[in-house]
Amino acid sequence: MQTEKAKNDSEFELDGIPITIRPINLQDMPLERDFIDRLSPETKHYRFFGAIKNVSDKVLKSFCDIDGKDSMAFIATEEVNGKEIEIGVCRYAISDAPDIHEMALTIADKWQHKGLGKLLIKQLMSYAKSHGIKTLYSVELAENPHMHGLSKELGMLARRDPEDPHQVIYSLAL
(Lines give C-alpha, C1' and ligand atoms only; values in the text may rest on other atoms or scores of the structure.)
Protein backbone atom coordinates (compact mmCIF):
# COMPACT_ATOMS: atom_id res chain seq x y z
CA MET A 1 0.00 0.00 0.00
CA GLN A 2 1.31 3.43 -0.95
CA THR A 3 1.09 6.33 1.50
CA GLU A 4 2.18 9.83 0.56
CA LYS A 5 4.82 11.07 3.00
CA ALA A 6 5.85 14.31 1.36
CA LYS A 7 5.86 15.68 -2.17
CA ASN A 8 7.54 13.04 -4.39
CA ASP A 9 8.18 10.77 -1.36
CA SER A 10 6.27 7.50 -1.18
CA GLU A 11 6.16 4.64 1.28
CA PHE A 12 5.75 1.03 0.21
CA GLU A 13 6.07 -2.36 1.80
CA LEU A 14 7.98 -5.21 0.14
CA ASP A 15 8.32 -8.60 1.82
CA GLY A 16 6.89 -7.03 4.99
CA ILE A 17 9.63 -4.37 5.11
CA PRO A 18 8.73 -0.68 4.84
CA ILE A 19 10.67 1.19 2.19
CA THR A 20 10.66 4.82 1.10
CA ILE A 21 11.10 6.06 -2.45
CA ARG A 22 12.18 9.69 -2.70
CA PRO A 23 14.21 12.04 -4.87
CA ILE A 24 17.97 11.88 -4.35
CA ASN A 25 19.87 15.01 -3.26
CA LEU A 26 23.44 16.16 -2.67
CA GLN A 27 23.25 15.18 1.02
CA ASP A 28 22.80 11.58 -0.16
CA MET A 29 26.37 11.27 -1.47
CA PRO A 30 27.44 9.05 1.50
CA LEU A 31 24.30 6.88 1.02
CA GLU A 32 25.05 6.53 -2.70
CA ARG A 33 28.72 5.68 -2.04
CA ASP A 34 27.76 2.98 0.48
CA PHE A 35 25.12 1.64 -1.91
CA ILE A 36 27.62 1.29 -4.78
CA ASP A 37 30.28 -0.18 -2.49
CA ARG A 38 27.85 -2.92 -1.34
CA LEU A 39 26.90 -4.02 -4.87
CA SER A 40 28.19 -7.41 -5.98
CA PRO A 41 30.78 -7.54 -8.78
CA GLU A 42 28.06 -8.86 -11.13
CA THR A 43 25.66 -6.00 -10.34
CA LYS A 44 28.47 -3.45 -10.73
CA HIS A 45 29.35 -5.06 -14.07
CA TYR A 46 25.79 -4.68 -15.37
CA ARG A 47 25.44 -1.11 -14.05
CA PHE A 48 28.83 0.27 -15.02
CA PHE A 49 29.62 -2.08 -17.95
CA GLY A 50 32.77 -3.30 -16.28
CA ALA A 51 34.55 -3.88 -13.02
CA ILE A 52 34.84 -0.94 -10.66
CA LYS A 53 35.90 -0.82 -7.05
CA ASN A 54 34.52 2.58 -6.13
CA VAL A 55 33.44 5.84 -7.71
CA SER A 56 35.08 9.25 -7.44
CA ASP A 57 33.57 12.15 -5.54
CA LYS A 58 33.00 13.89 -8.89
CA VAL A 59 30.93 10.97 -10.19
CA LEU A 60 29.03 10.69 -6.89
CA LYS A 61 28.20 14.38 -7.05
CA SER A 62 26.90 13.98 -10.61
CA PHE A 63 24.71 11.08 -9.44
CA CYS A 64 23.23 13.11 -6.57
CA ASP A 65 23.07 16.63 -8.04
CA ILE A 66 19.81 16.50 -9.98
CA ASP A 67 17.89 19.46 -11.34
CA GLY A 68 14.44 17.81 -11.55
CA LYS A 69 14.08 18.73 -15.22
CA ASP A 70 16.97 17.46 -17.36
CA SER A 71 18.01 14.98 -14.69
CA MET A 72 16.04 13.16 -12.02
CA ALA A 73 16.72 10.25 -9.69
CA PHE A 74 14.67 8.42 -7.12
CA ILE A 75 16.23 6.25 -4.44
CA ALA A 76 14.62 3.50 -2.45
CA THR A 77 15.69 3.24 1.17
CA GLU A 78 15.01 1.07 4.17
CA GLU A 79 15.69 1.83 7.79
CA VAL A 80 18.11 -0.56 9.51
CA ASN A 81 18.89 0.00 13.19
CA GLY A 82 17.70 3.61 12.91
CA LYS A 83 19.89 4.32 9.87
CA GLU A 84 18.67 5.01 6.33
CA ILE A 85 20.17 2.54 3.82
CA GLU A 86 19.87 2.94 0.06
CA ILE A 87 18.60 -0.22 -1.62
CA GLY A 88 17.91 0.97 -5.16
CA VAL A 89 18.09 3.91 -7.54
CA CYS A 90 16.47 4.81 -10.84
CA ARG A 91 17.50 7.90 -12.75
CA TYR A 92 17.28 9.71 -16.04
CA ALA A 93 19.50 12.24 -17.75
CA ILE A 94 18.99 14.38 -20.82
CA SER A 95 20.04 13.10 -24.22
CA ASP A 96 20.25 14.78 -27.63
CA ALA A 97 16.48 15.33 -27.83
CA PRO A 98 14.77 17.34 -25.06
CA ASP A 99 11.82 14.94 -24.76
CA ILE A 100 13.91 11.73 -24.82
CA HIS A 101 16.00 10.86 -21.76
CA GLU A 102 18.34 8.01 -20.91
CA MET A 103 17.54 6.09 -17.75
CA ALA A 104 19.43 3.71 -15.50
CA LEU A 105 18.30 1.37 -12.74
CA THR A 106 20.32 -0.35 -10.04
CA ILE A 107 18.95 -2.54 -7.27
CA ALA A 108 20.91 -3.85 -4.27
CA ASP A 109 21.54 -7.57 -4.66
CA LYS A 110 19.38 -8.70 -1.74
CA TRP A 111 16.44 -6.64 -3.10
CA GLN A 112 16.54 -7.95 -6.67
CA HIS A 113 13.54 -9.92 -7.99
CA LYS A 114 11.15 -8.48 -5.38
CA GLY A 115 9.46 -5.80 -7.51
CA LEU A 116 11.60 -2.87 -6.34
CA GLY A 117 12.95 -2.13 -9.83
CA LYS A 118 9.43 -1.95 -11.21
CA LEU A 119 8.34 0.40 -8.40
CA LEU A 120 11.30 2.70 -9.02
CA ILE A 121 10.84 2.76 -12.79
CA LYS A 122 7.12 3.49 -12.44
CA GLN A 123 7.91 6.39 -10.10
CA LEU A 124 10.45 7.73 -12.60
CA MET A 125 8.06 7.22 -15.54
CA SER A 126 5.30 9.15 -13.80
CA TYR A 127 7.64 12.01 -12.96
CA ALA A 128 9.12 12.09 -16.47
CA LYS A 129 5.70 12.11 -18.12
CA SER A 130 4.54 15.00 -15.91
CA HIS A 131 7.63 16.94 -17.02
CA GLY A 132 7.05 16.58 -20.77
CA ILE A 133 9.36 13.65 -21.44
CA LYS A 134 7.96 11.41 -24.18
CA THR A 135 10.45 8.51 -24.17
CA LEU A 136 12.84 6.90 -21.72
CA TYR A 137 15.53 4.56 -22.98
CA SER A 138 18.22 2.44 -21.43
CA VAL A 139 21.40 0.99 -22.90
CA GLU A 140 22.22 -2.34 -21.28
CA LEU A 141 24.59 -5.21 -21.79
CA ALA A 142 22.92 -7.86 -23.96
CA GLU A 143 23.93 -10.50 -21.41
CA ASN A 144 21.86 -8.84 -18.63
CA PRO A 145 18.92 -11.21 -18.08
CA HIS A 146 17.46 -9.09 -15.26
CA MET A 147 16.88 -6.05 -17.45
CA HIS A 148 15.61 -8.20 -20.29
CA GLY A 149 12.91 -9.68 -18.04
CA LEU A 150 11.97 -6.34 -16.49
CA SER A 151 11.76 -4.67 -19.90
CA LYS A 152 9.25 -7.31 -21.02
CA GLU A 153 7.14 -6.73 -17.89
CA LEU A 154 7.09 -2.99 -18.57
CA GLY A 155 6.34 -3.36 -22.29
CA MET A 156 9.63 -1.80 -23.39
CA LEU A 157 10.84 -2.20 -26.95
CA ALA A 158 14.24 -3.86 -27.34
CA ARG A 159 16.72 -3.60 -30.20
CA ARG A 160 20.40 -4.35 -30.59
CA ASP A 161 22.64 -1.31 -30.38
CA PRO A 162 23.76 -0.71 -34.00
CA GLU A 163 27.09 0.62 -32.71
CA ASP A 164 27.81 -2.23 -30.28
CA PRO A 165 26.42 -5.78 -30.68
CA HIS A 166 27.11 -6.47 -26.99
CA GLN A 167 24.46 -3.92 -25.99
CA VAL A 168 20.68 -3.68 -26.19
CA ILE A 169 18.70 -0.43 -26.27
CA TYR A 170 15.39 -0.63 -24.42
CA SER A 171 12.87 2.15 -24.98
CA LEU A 172 9.57 3.07 -23.41
CA ALA A 173 7.09 5.58 -24.82
CA LEU A 174 5.36 7.48 -22.03
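Above this text you will find the structure in question.
Note that this is a predicted model, so its numbers are computed, not measured. (Residues numbered from 1 in each chain as written. Predicted model: local features only at pLDDT ≥ 70, side-chain atom pairs only at ≥ 80, totals over all residues. Heavy atoms only, no water.)

J.: What exactly am I supposed to notice about the environment of isoleucine 100 here?
T.: Along the chain, the position of isoleucine 100 falls in strand E6 (residues 100–107). Distance in space between the C-alpha atoms of isoleucine 100 and histidine 148 is 21 Å, their sequence separation being 48 residues. Leaving out residues up to four positions away in the same chain, isoleucine 100 has contacts with Ser95, Thr135 and Tyr137. (Helix = DSSP H or I, 4+ residues; strand = E, 2+ residues; numbered from the N terminus. Contact = heavy atoms within 4.5 Å.)

J.: What's the story with the nonpolar core in this structure? I'm lost.
T.: In a soluble, globular protein the nonpolar side chains are often hidden away together inside. In this structure, Tyr92, Met103, Trp111, Leu116, Leu120 and Leu124 are the most contacted members of the largest nonpolar core, which totals 41 residues. Residue contributions to this core peak at 6 residues, all from helix H4 (residues 116–130). Not counting chain neighbours up to four residues away, the residues in contact with leucine 120 comprise Ile21, Phe74, Ile75, Ala76, Gly88, Val89, Cys90, Leu105 and Ile107. (Core = buried A, V, L, I, M, F, W, Y, C linked by side-chain atoms within 4.5 Å. Buried < 20%, exposed > 50% of the residue type's maximum accessible area, 1.4 Å probe, protein only.)

J.: Looking at this structure, I do not really get the packing of helix H1 (residues 29–38) against helix H3 (residues 57–64). What am I missing?
T.: Helix-helix packing is described using two parameters, namely the angle between the two axes and the distance between the axes. Two numbers describe how H1 lies on H3: the axes approach to 9 Å, and their chain directions differ by 110 degrees. With respect to their mutual orientation, H1 and H3 come out roughly perpendicular. In the packing of H1 onto H3, the handedness of the crossing is right-handed. On H3, the residues that touch Met29, Glu32, Arg33 and Ile36 of H1 are Asp57, Leu60, Lys61, Phe63 and Cys64. Its residues placed into classes, the contact of H1 with H3 shows 5 nonpolar, no polar and 4 charged. (Axes fitted to C-alpha atoms, helices over the stretch in contact; angles between N-to-C directions. Parallel < 35°, antiparallel > 145°, perpendicular 65-115°, else oblique. Left-handed = near helix turned anticlockwise from the far one by under 90°. Nonpolar A, V, L, I, M, F, W, Y, C, P; charged D, E, K, R; others polar.)

J.: Explanation requested: the side chain of glutamate 140 in the structure shown.
T.: Structurally, the position occupied by glutamate 140 is in strand E7 (residues 135–141). Buried within the structure, glutamate 140 lacks any salt-bridge partner; arginine 47 is the closest side chain of opposite charge, at an N-O distance of 7.3 Å. Setting aside residues up to four positions removed in sequence, glutamate 140 forms contacts with Tyr46, Phe49, Met147, His166, Gln167, Val168 and Tyr170. (Lys, Arg positive; Asp, Glu negative; His and termini not counted. Salt bridge = Lys/Arg side-chain N within 4 Å of Asp/Glu carboxyl O.)

J.: What's the story with the pairing of strand E5 (residues 83–94) in this structure? I'm lost.
T.: Along a regular strand, successive side chains alternate from one face of the sheet to the other. Across 10 bridges, strand E4 (residues 71–80) lies against E5 in antiparallel orientation. If you follow methionine 72 over to E5, its bridge partner there is tyrosine 92. Where E5 meets E6, 7 bridges bridge the pair, whose relative direction is antiparallel. When the sheet's bridge partners are listed, valine 89 is paired in E6 with threonine 106. Counting the residues in the hairpin turn of E5 and E6 gives 5 residues. (Pairing = 2+ DSSP bridges.)

J.: Explain the packing of aromatic side chains to me, please; I cannot follow it from the model alone.
T.: Any aromatic ring pair is given by two values, namely how distant the centres are and how the planes are angled relative to each other. In this structure the tally under the stated criterion is 1 aromatic pair. Look at phenylalanine 74 and tyrosine 127: their rings are 5.7 Å apart centre to centre, the planes differ by 75 degrees, and that puts the pair in the edge-to-face class. Of this pair, phenylalanine 74 sits in strand E4 while tyrosine 127 sits in helix H4; the two residues are 53 residues apart in sequence, bridging distant segments of the chain. (Phe/Tyr/Trp six-rings, centres within 6.5 Å; stacked < 30°, edge-to-face > 60°.)

J.: Whenever I open this one, the pattern of salt bridges confuses me. Can you help?
T.: Once the charged atoms of two side chains with opposite charge are near each other, the side chains can pair. Throughout the structure, instances matching the rule amount to 8 salt bridges. Here arginine 91 ties to glutamate 32 by a salt bridge, and the two come within 3.3 Å at their closest N and O atoms. Of this pair, arginine 91 sits in strand E5 while glutamate 32 sits in helix H1; the two residues are 59 residues apart in sequence, bridging distant segments of the chain. Take arginine 91 and glutamate 32: they sit in the same class, and that class is buried.

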